[in-house]
Amino acid sequence: MVGIVGYGTQIPRYRIKIEEIAKVWGADAASFKRGLNLNEKSVPCPDEDCATLAVNAARNAMSRAGINPQEIGALYVGSESHPYAVKPTGATVSEALGACPYVHTADFEFACKAGTEAMFVALNLVKSGAVKYAVGIGSDTSQGSPGDALEYSASAGAAAYVMGAENLVAELIDTHCFMTDTPDFWRREHANYPEHGGRFTGEPSYMKHVTGAVNAILEKTKMKPEDFDYMIFHQPNGKFPVQMALKLGFKEPQFRYGLLTPTLGNTYSGSSPLGLAATLDEAKPNQLILLVSYGSGAGSDAFIFKTTERLLKVRDMAPRVRKQLDEHKMYLEYGQYAKFRHKIVKPE
Amino acid sequence: MEVARHWRETPERYRMEAGKCSKCGKIAFPGRMICPECGSTEFTKHTLSGKGKIVTYTIIRTAPDGFEDLVPYAVGIIELDDGIKILAQITDCNPEELKTGDRVVAKFRRINEDGKTGMIYYAYKFVPDVGI
Ligand SMILES: [Zn+2]
């Protein structure tokens, strides 16, 4: 039996409203809000990045796990905004947690699915018996090109999971993945902003891969949509995951806690892992949760977890997602946001 | 030079590791070779709680090189629950709204960087302790 021993998150305090972005570009805020179910998004403070969010989320996960950091045998960070092109984020996170030196580390990249990749590998390494505990983290401070549709959603946040074989808060029932080479979204080396392959967005990318992963794991486990208490899909906006869920036979109460995008934005690698954390914050013991990520390029990882009694004991040992999301927010105007995100060009 | 110093100070900067005198219990942060209280040279590792309150602070409006974009920002003396006082930046707040006595908690943050291509320096900063 393997699964989640502890989970933790970090969401920045700063926010920008959709209206504030739309007014700068002469866009219609109402249509973004209605069409994409987006109201505001998180913005990292200038002293926050993928590594700091990962460390602060992982510390919260360690508070809930209650384990000795020296027993962590592997730690993986998934992100599309690693601070360095060459110098692993995972080394900084491992050092900050006190897990060094007997720890295997790698940085993962796969657009928005890098976080669940880290979780997938961490879970299966524990399952193989190679390590006692493994940490999987999804963390991003993503950027959308100024004025592009992605600028309205690209946000920041992190979720960290300590995986192990005992004292579980959620047991892993199964995993499955679905992946093909699809040109829906990319960012070349040295490019500041990503580009998307217009017509590949939606149907041949998100829809196809999420559907593929859901159908595969349901078939493998002989389960049906109605067997799950909760489900979380990757959330590039507030519309896609809801459309997809309803189409596949899930219903509103199942994604009630996991859908965070309307006030969080798309935290990329942190997106579905944060949705899972928000669901664990509210779930009862012995409930079934389906988690399905999506990363452009393109692929989906699916997981089924079953919560345990221990979840109730550790839940309040770190801040809940809704608290980080709903309380003590600090709103930015577009000018401050542009400065925070280094969109203003200064002389070197 | 700066890179080597930062690396050497990793235990303090990343994990807030202090030295606790084995003889009199005095906590020294950063760690020392000789206890300032009793002169003992034996210390054990003590990880600071990272929680405390603001004793005093100032708001920086004219910043040193590398910190210009952060102004106005607060730097304060924090008295930790472990009993020791440390100097640190206070972030994630409107500095005008801070008060002495406010509870704060340490978070892992970027301190500065050597330009766009050099090292990024990480360490602790404090934020208002609002439970997030
Ligand atoms: Zn002493």
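### Quick word on the overall build of chain A
Part 1: For chain A, the count of helices and strands is 13 helices and 14 strands.
Part 2: The C-alpha radius of gyration of chain A comes to 19 Å, within 12% of the 20 Å expected for a compact globule of 348 residues.
Part 3: Taken across its 348 residues, chain A has 62% of its residues classed as buried.
Part 4: For chain A, long-range pairs separated by at least 24 residues make up 78% of all intrachain contacts whose partners lie at least 6 apart in sequence.
Part 5: Accessible surface computed for chain A: about 13,200 Å², of which carbon and sulfur atoms make up 53%.
Part 6: The averaged location of the 38 negative side-chain charges in chain A is 3 Å from the averaged location of its 37 positive side-chain charges.

### Focus on the coordination of the zinc ion
Residue and element names in this part refer to chain B.
Part 1: Bound to the zinc ion on the protein side are Cys21 (SG), Cys24 (SG), Cys35 (SG) and Cys38 (SG), at distances that span 2.3 to 2.4 Å.
Part 2: Taken together, the 4 donor atoms coordinating the zinc ion and their angles of 101 to 113 degrees define a geometry best described as tetrahedral.
Part 3: In primary sequence terms, the donor set of the zinc ion follows C-x2-C-x10-C-x2-C. Placement of the pair is cysteine 21 in strand E1 (residues 17–21) and cysteine 38 in the loop between strand E2 (27–28) and strand E3 (43–47), with a sequence separation of 17 residues.
Part 4: For cysteine 21, a relative accessible area of 4% gives the class buried.
Part 5: Here cysteine 38 falls in the partly exposed class, since its relative accessible area comes to 33%.

### Structural notes on the nonpolar core
All names here are of chain A.
Part 1: Counting residues in hydrophobic clusters, the biggest one holds 39 residues, and the most contacted among them are Ile4, Tyr7, Tyr161, Met163, Leu276, Leu280 and Phe305.
Part 2: Per element, the largest residue contribution to this core is 6 residues, and it comes from helix H5 (residues 114–128).
Part 3: The residue makeup of this core includes at least three contributed by each of domain 1 (3–169 + 311–341) and domain 2 (174–310).
Part 4: Look past the residues within four positions of methionine 163 in its chain and what remains in contact with it is Gly3, Ile4, Val5, Met119, Ala122, Leu123, Val126, Lys132, Tyr133 and Ala134.
Part 5: The next biggest cluster of nonpolar side chains, apart from the first, holds 35 residues, and it includes Leu53, Ile72, Leu97 and Ala158.

### What about the sheet that holds strand E6 (residues 133–141) of chain A?
All names here are of chain A.
Part 1: Overall, mixed pairing links the 9 strands, which are arranged E5-E4-E6-E7-E1-E8-E13-E12-E11 in an open sheet. Among the strands making up the open sheet, the edge pair consists of strand E5 (104–108) and strand E11 (230–233). The mean angle between the axes of side-by-side strands here comes to 20 degrees, regardless of whether they run parallel or antiparallel.
Part 2: Pairing analysis gives 2 bridges linking strand E1 (residues 3–10) to strand E8 (residues 170–179), with the strands arranged antiparallel. Along E8, the bridge assignment pairs glycine 3 with glutamate 171.
Part 3: The sheet strands contacting H5 are E1, strand E4 (72–78), E5, E6, strand E7 (156–164), E8, strand E12 (288–292) and strand E13 (299–307), and the helix crosses E6 at an angle near 180 degrees.
Part 4: Helix H10 (residues 271–280) rests against E1, E7, E8, E11, E12 and E13 of the sheet, and its axis sits at about 65 degrees to E7.

### Considering the domain arrangement of chain B
Size of an interface, as often reported, equals the accessible area lost when the parts are brought together.
Residue and element names in this part refer to chain B.
Part 1: According to the domain assignment, chain B consists of domain 1 (1–47) and domain 2 (49–132).
Part 2: Centre-to-centre, using C-alpha coordinates, domain 1 lies 21 Å away from domain 2.
Part 3: Counting residues at the interface gives 11 residues for domain 1, matched by 15 residues for domain 2.
Part 4: By the criterion of area lost to domain 2, the three top residues of domain 1 are Arg13, Met16 and Phe29, representing 42% of everything that side buries.

Analysis parameters
Residues numbered from 1 in each chain as written. Chains lettered and ligands numbered in written order. Predicted model: local features only at pLDDT ≥ 70, side-chain atom pairs only at ≥ 80, totals over all residues. Heavy atoms only, no water. Helix = DSSP H or I, 4+ residues; strand = E, 2+ residues; numbered from the N terminus. Rg over C-alpha atoms; globule rule 2.2 N^0.38 Å. Buried < 20%, exposed > 50% of the residue type's maximum accessible area, 1.4 Å probe, protein only. Contact = heavy atoms within 4.5 Å. Areas by Shrake-Rupley, 256 points an atom, 1.4 Å probe, with all protein chains shown as cover. Lys, Arg positive; Asp, Glu negative; His and termini not counted. Charge placed at Lys NZ, Arg CZ, Asp CG, Glu CD. Donors = N, O, S within 2.8 Å, 3.2 Å for Na, K, Ca; no water. Tetrahedral: all angles 85-135°; square planar, octahedral: opposite > 155°, others 65-115°. Core = buried A, V, L, I, M, F, W, Y, C linked by side-chain atoms within 4.5 Å. Domains from an automatic or database assignment. Pairing = 2+ DSSP bridges. Axes fitted to C-alpha atoms, helices over the stretch in contact; angles between N-to-C directions. Buried area = accessible area lost by both parts, 1.4 Å probe.

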